[in-house]
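The chain contents come next:
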Amino acid sequence: MTRPLTPGDLLATIDHVLGSPPRSPSATVPASGVICEMLGQCQRRETRSRLPRIALACITVAVTGAAASTSAAAEPAGGEISFNRDIRPILSDHCFACHGPDAAQRQADLRLDTETGSLADLGGRHAIVPGDLQASELVRRITAADPDERMPPADFEHPLSAEQIALLTNWIAQGAKWQGHWSFVSPVRPASPAVRDAAWPRGAIDAFVLARLEAENLAPSPEADKATLLRRVTLDLTGLPPAPAEVDAFLADPSADAYERVVDRLLASPRYGERMAARWLDGARYADSNGYQSDGERFMWRWRDWVIEAYNRNLPFDQFTIEQLAGDLLPNCTLDQRIATGFNRNHRGNAEGGIIPAEYAVEYVVDRVDTTATVWLGLTLGCARCHDHKFDPFTQREFYSLFAYFNNVPERGKAVKYGNSPPVVQSPTRDQQTRLRALDGRLAAAEQAFARLAEQVDAGQRRWEAALVEAAPNDWQLTDGLVAGFSFDGHLTNSALPQTPGRVVDGEAVFSTGRDNQALQFDGRRLIDAGDVGRFGFYDDFTLAAWVRIGEEGRGTIVSRMTDEAQADGYSLSVAGGRIQLNLVKRWLDDALRVQSKRALAPGRWYHIAATYDGSRVAAGVKIYIDGEAAELDVLLDDLNQSFETKQPLRIGGGGGREGRFYGTLDDVRVYGRALDGDEVRIIATAEAISDIAAMAPEHRPAGMTLKIRACFLAEAAPPAVQDAWKNLVDLREERIALVELFPTTMVMQEMPESRETFVLLRGEYDKRGSRVEPGLPASLPPLPPGAPNNRLGFARWLVDPANPLTARVAVNRYWQMLFGAGIVKTVGDFGAQGETPSHPELLDWLACE
């Protein structure tokens, strides 16, 4: 039997082939450097024509000979070459761009990202033949001298090093053993490793760390002194240094569990949740501004508080995940669970006037896919937006199948410039919730107290109505919140501000028979300047109302506070084509809220018109009433981004230029500084006087009359005990409204009633649709758990299913990075082929299983 070839034998062979002078007998070189040395010499010598033959011969000799020795060429310290540790990174960096998962970019029908592809028949040739270097085309091509033959190509920016070539050839010589990518294989809890210094570890983590240190012939550092240890753990768990008194107390505590009690104290501190949340907020791209152009403010701090509270109450990680991704889809979801879904509304929002909303609607969903994949899976799925992933086993179609899970949110691509973009949810703080519960209790008691007076109220109202029939005619109006009231009964007095009457512009006042007494005629020229009243902006709620008889022209402004020019800014209640419009305008075409009634008014007859706006800045916050009944509306524009407040006066019968002047007759014009409810609108739409209503049998009264006479009785004629009970009830209702208006909102996830269709977007462009896709998961990862719904909730549960190989590893790796500065996997956001392999794989899997 011949002895194994030594490194010296290999170098002698190389020197002989290349004609090098013989080396000194004492000259040595480690076996791991033999092939590097050989290739370096081959490149330096003038042997280009012989280089492929020489290189292959030398590599063959080196690998086959040294494999029998104790230390093989280019062999890692651990012995056998590991595909995941040693080979996959080389193939990923140097080969996958042309021979990887992306079918569109694949060259020569060769795949090196799968075992089947690497062993495939390439027309009589094979890239890799396990154990046979001469038959392996890959070896020939990576050592070729001819630039047209050599791989990677000469113009590729990442050429192989001599050591990498040696690793590849040695791996093939060892049998080219393949492994699935380590992060896609479910972790298995490893046994605690044996260590020489068995007294040093205090737990399983210590054992893994010490085993690696001993393998590297290193010893652990000495234990830190108590002051340093306290500073480290306090910074780790709260992000703050310990107070001097805390240091003194720890140093003075000789008990064996002093450190454990410090940890318990720190974990109980509210600062713990803040420390943990800080990193999570970074991953969630948290911000209280939109991030584009003017970077307008928005309010997501209630979601931030939810995260802090979740850490402080030690919410299990699976619940932490599910509630943030799909809390709104949980059965009987709570307010907190809806607030939690703000995680995927933290993306930037573009409110620029010239954008294409459909384009940014796609960008927001892409952001959700990217962020969710990075934070929970440690994957760069965004690389598959435009084409199949070049390095990892994810197709473009699979990207859009994941996209479909997040594509059912009823949002527009154009965000609200200042404030939160729908969908939103009111998110009272804990204190506000406590106050609301207390107020609701008082309100319920007040309602019960008033209900107990029902017989007294009914009897008192009957007596009062009987007396009204015999008395002089009289009327009553709803004045709560009234800021302007013009009856036009032969004058231009504002009943809410008698000292500031209106004045006629462009003509004289012409009165005629009105819906009730007299009214004012408008001829398309004259208008009323009502002065500086009704100054509202887009956060204010208000009501505009009037009795209206339109002319044959069927158009004109009823009441407005806007510049007197065409397509003006401000607000107006108008008639256009016989339909009632409410316009809240900053810019007429692209920064406005404009709605109109589906129903058109007939000219020549009286209608009571009212429009209410709730300060929400969206069309859903507008109601238009015709004769006290809510009208069906068409939304002409729902894109109000900036306040429409102006310095213009309140105008009746005009505003919006000459074309905006009113044709017809107006009566009883009112402006309220609050949004009236439906019952209140019915009251002001009831023109009949109180005395006339009293003369009518109660069973014959329409709803508006019944409401009006009851409101008048309670406000002015009820017995003192009834009035006091009613006033207390009204005050509590108003107090509740005022409290609720202070509640912050949070942008949240919400499913549309019908799922939005999702398509592959060619080259990732929003307007280039390919084939339609359904929600689904990548084929390279486990399927949904049995019985899980194929929606965002099912996806969230899949993320934290024990069968998912990535989530637990990614989570513990982030904690490790937070505590020690670098993760066990340094590329915390990339566990794919381009990411780093774990420095301590067994420790990572132990932590993941734990």
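As the structure is a computational prediction, the values presented were derived from the model and not from experiment. (Residues numbered from 1 in each chain as written. Predicted model: local features only at pLDDT ≥ 70, side-chain atom pairs only at ≥ 80, totals over all residues. Heavy atoms only, no water.)

Visitor: So what exactly am I meant to see when it comes to helix H13 (residues 270-283) here?
Guide: Within an α-helix, residues lying three or four positions from one another point in the same direction, as the helix has 3.6 residues per turn. In this model, H13 (14 residues) spans 21 Å end to end at C-alpha, consistent with the 20 Å of a helix rising 1.5 Å per residue. In H13, a bend of some 30 degrees at Ala-277 exceeds every other bend along the element. The complete set of buried residues in H13 reads Tyr-272, Gly-273, Arg-275, Met-276, Ala-277, Trp-280 and Leu-281. Along its buried surface, H13 packs onto helix H10 (226-238), helix H12 (258-267), helix H14 (301-312), helix H15 (317-326), helix H17 (357-377) and helix H26 (807-820). At the N-terminal end of H13, a side-chain oxygen is found 3.0 Å from the backbone nitrogen of Arg-271, two or three residues along, and the residue is Ser-269. A positive phi of about 50 degrees marks Arg-285, the residue just after H13. (Helix = DSSP H or I, 4+ residues; strand = E, 2+ residues; numbered from the N terminus. Expected span 1.5 Å × (residues − 1). Bend = angle between axes of the 7 residues up to and from the residue. Buried < 20%, exposed > 50% of the residue type's maximum accessible area, 1.4 Å probe, protein only. Contact = heavy atoms within 4.5 Å. Polar contact = N/O pair within 3.5 Å; in protein donor to acceptor, adjacent residues only side chain to side chain.)

Visitor: Would you mind showing me how to read empty space enclosed by the protein here?
Guide: Applying the stated rule across the entire model yields 3 cavities of 30 Å³ or more. Empty space within the largest cavity amounts to approximately 50 Å³. The class makeup of the residues in the lining of the largest cavity is 4 nonpolar, 5 polar and 2 charged. (1 Å grid on protein atoms, 1.4 Å probe; cavity = no way out; pocket = protein on both sides within 12 Å on 5 of 7 lines; lining within 4 Å. Points joined across faces, edges and corners; volume = space filled by probe spheres on them. Nonpolar A, V, L, I, M, F, W, Y, C, P; charged D, E, K, R; others polar.)

Visitor: Any chance you could explain the pattern of salt bridges here in plain terms?
Guide: Counted by the stated rule, this structure contains 60 salt bridges. Close ionic contact of Lys-768 with Glu-765 constitutes a salt bridge, the shortest N to O distance being 2.9 Å. Relative accessible area serves as the criterion here: at 38%, Lys-768 is assigned to the partly exposed category. Asp-845 is the partner of Arg-809 in a salt bridge, and the nearest nitrogen-oxygen pair spans 2.8 Å. Of this pair, Arg-809 sits in helix H26 while Asp-845 sits in helix H27 (residues 841-849), placing them 36 residues apart in sequence. Assessed through its relative accessible area of 2%, Arg-809 is described here as buried. The class for Asp-845 is buried, based on a relative accessible area of 16%. Among the ionic contacts, a cluster of salt bridges with common partners joins Arg-125, Glu-137, Arg-140, Arg-141 and Glu-149. (Salt bridge = Lys/Arg side-chain N within 4 Å of Asp/Glu carboxyl O.)

Visitor: Is there a simple way to think about the packing of H15 against helix H25 (residues 792-799) in this case?
Guide: Helix-helix packing: each pair is described by the crossing angle between the helix axes and the interaxial distance. Relative to each other, H15 and H25 sit at 155 degrees, their axes nearing to 9 Å. With respect to H25, the element H15 is oriented roughly antiparallel. Between H15 and H25 lies a crossing whose hand is right-handed. Taken together, the residues of H25 that come into contact with H15 (itself represented by Thr-321, Ile-322, Leu-325 and Ala-326) are Arg-792, Leu-793, Phe-795, Ala-796, Arg-797 and Leu-799. When the residues that make up the contact of H15 with H25 are grouped by side-chain class, the tally is 7 nonpolar, 1 polar and 2 charged. (Axes fitted to C-alpha atoms, helices over the stretch in contact; angles between N-to-C directions. Parallel < 35°, antiparallel > 145°, perpendicular 65-115°, else oblique. Left-handed = near helix turned anticlockwise from the far one by under 90°.)

Visitor: Honestly, the packing of H13 against H14 in this entry has me stumped. Any pointers?
Guide: Two elements in contact, H13 and H14, have axes separated by 8 Å at closest approach and are oriented at 125 degrees. Our classification of the angle between H13 and H14 gives oblique. The two elements H13 and H14 cross, and the hand of that crossing is right-handed. Note on element contacts: H14 touches H13 through Trp-303, Arg-304, Val-307, Ile-308, Tyr-311 and Asn-312, opposite Pro-270, Tyr-272, Gly-273, Glu-274, Met-276, Ala-277, Trp-280 and Leu-281.

Visitor: Just checking my understanding: could you explain the packing of aromatic side chains for this structure?
Guide: What characterises a pair of aromatic rings is the spacing of the ring centres plus the angle enclosed by the ring planes. Following the criterion strictly, the structure yields 35 aromatic pairs and no others. Look at Phe-317 and Phe-320: their rings are 6.1 Å apart centre to centre, the planes differ by 35 degrees, and that puts the pair in the tilted class. Here the residue Phe-317 and the residue Phe-320 both occupy positions in helix H15, the gap between them amounting to 3 residues, near one helical turn. Exposure remark for Phe-317: the relative accessible area of 26% places this residue in the partly exposed category. Relative to Tyr-364, the ring of Tyr-360 lies with its centre 6.5 Å away and its plane at 50 degrees, an arrangement referred to as tilted. One end of the pair, Tyr-360, and the other, Tyr-364, are both in helix H17, 4 residues apart, so they sit about a helical turn from each other. By relative accessible area, which is 18% here, Tyr-360 ends up buried. A network of ring pairs unites the aromatic residues Trp-280, Tyr-286, Trp-303, Trp-306, Tyr-311, Phe-317, Phe-320, Phe-343 and Trp-376 as a single cluster. Above the face of the Tyr-292 ring, Arg-348 is positioned so that its terminal group lies 4.1 Å from the ring centre. Lying across the ring of Tyr-607, Arg-605 places its NZ or CZ 3.9 Å from the centre. (Phe/Tyr/Trp six-rings, centres within 6.5 Å; stacked < 30°, edge-to-face > 60°. Lys NZ or Arg CZ within 6 Å of the ring centre and 35° of its normal.)

Visitor: For this particular structure, what's the right way to read the environment of Asp-627?
Guide: As for its placement among the helices and strands, Asp-627 is situated in the loop between strand S13 (622-626) and strand S14 (629-630). Separated by 58 residues in sequence, Asp-627 and Ala-685 place their C-alpha atoms 6.0 Å apart. Apart from residues no more than four positions distant in its own chain, Asp-627 is found in contact with Trp-547, Arg-605, Tyr-607, His-608 and Ala-685.

Visitor: Explain the pairing of strand S7 (residues 542-550) here, please?
Guide: Note on strand geometry: in a regular strand, side chains alternate between the two faces of the sheet. By the criterion of burial, S7 is predominantly enclosed, with 8 of the 9 residues buried. Inspection of the sheet shows S7 paired to strand S12 (residues 607-613) by 7 bridges, in the antiparallel sense. Bridge assignment links Thr-543 to a residue of S12, and that residue is Thr-612. (Pairing = 2+ DSSP bridges.)

Visitor: Before we go on, may I ask you to explain the sheet that holds strand S3 (residues 503-505) in this structure?
Guide: Strand pairs in the sheet, formed through backbone hydrogen bonds, run parallel or antiparallel to each other. Across the sheet, which stays open at both edges, the 8 strands sit in the order S3-S6-S16-S8-S9-S10-S11-S15 with antiparallel pairing between neighbours. The open sheet has two free edges, formed respectively by S3 and strand S15 (633-638), since each of these has just one partner strand. As paired strands, strand S11 (residues 591-600) and S15 are joined by 5 bridges and run antiparallel to one another. Bridge pairing in S15 links Val-595 to Val-635.

Visitor: It is not clear to me how the nonpolar core should be interpreted in this structure. Could you clarify?
Guide: One recurring pattern in soluble globular proteins is that nonpolar side chains are buried together. Among the nonpolar cores identified, the biggest contains 78 residues, and Trp-280, Trp-303, Val-307 and Phe-795 are the most heavily contacted of them. Among the elements that line this core, the one with the most residues is H17, at 8 residues. With sequence-adjacent residues up to four places away left out, Phe-795 is seen in contact with Leu-325, Thr-372, Leu-402, Tyr-405, Phe-406, Leu-777, Leu-784 and Pro-789. Listed in part, the 44 residues of the second largest apolar core include Leu-492, Ala-546, Val-559 and Ala-631. (Core = buried A, V, L, I, M, F, W, Y, C linked by side-chain atoms within 4.5 Å.)

Visitor: Help me understand the environment of Ile-90, please; the structure alone is not making it clear to me.
Guide: With respect to the secondary-structure elements, Ile-90 resides in helix H4 (residues 83-94). Residues Ile-90 and Gly-534, spaced 444 residues apart in sequence, show a C-alpha to C-alpha distance of 72 Å. For Ile-90, the contacting residues outside a window of four places in its chain are Cys-95, Leu-160, Gln-164, Leu-167 and Leu-168.

Visitor: Which parts of the structure should I look at to understand the state of the cysteines?
Guide: By definition, a disulfide links the sulfur atoms of two cysteines through a covalent bond. One pass over the structure, following the stated rule, counts 0 disulfides. Free of any disulfide, Cys-95 has its nearest cysteine sulfur in Cys-98, 8.9 Å distant. Classification of Cys-95 as buried rests on a relative accessible area of 14%. The structure places no disulfide on Cys-383, whose sulfur is separated from the nearest cysteine sulfur, that of Cys-386, by 9.6 Å. Note on Cys-383: relative accessible area 39%, which makes it partly exposed. (Disulfide = S-S within 2.5 Å.)

Visitor: Quick question: what am I supposed to make of unusual backbone geometry here?
Guide: With glycine set apart, most residues show a phi of negative sign, and most peptide bonds adopt trans. Omega for the peptide link from Met-151 to Pro-152 comes to -5 degrees, which places this bond in the cis form. Following the sequence through the fold, Pro-152 ends up in the loop between helix H7 (137-142) and helix H8 (162-173). Cis geometry is adopted by the peptide bond preceding Pro-423, which originates at Pro-422 and carries an omega value of 0 degrees. Considering the arrangement of structural elements, one finds Pro-423 in the loop between helix H18 (396-405) and strand S1 (424-426). Unlike most non-glycine residues, Ala-176 shows phi in positive territory, near 50 degrees.

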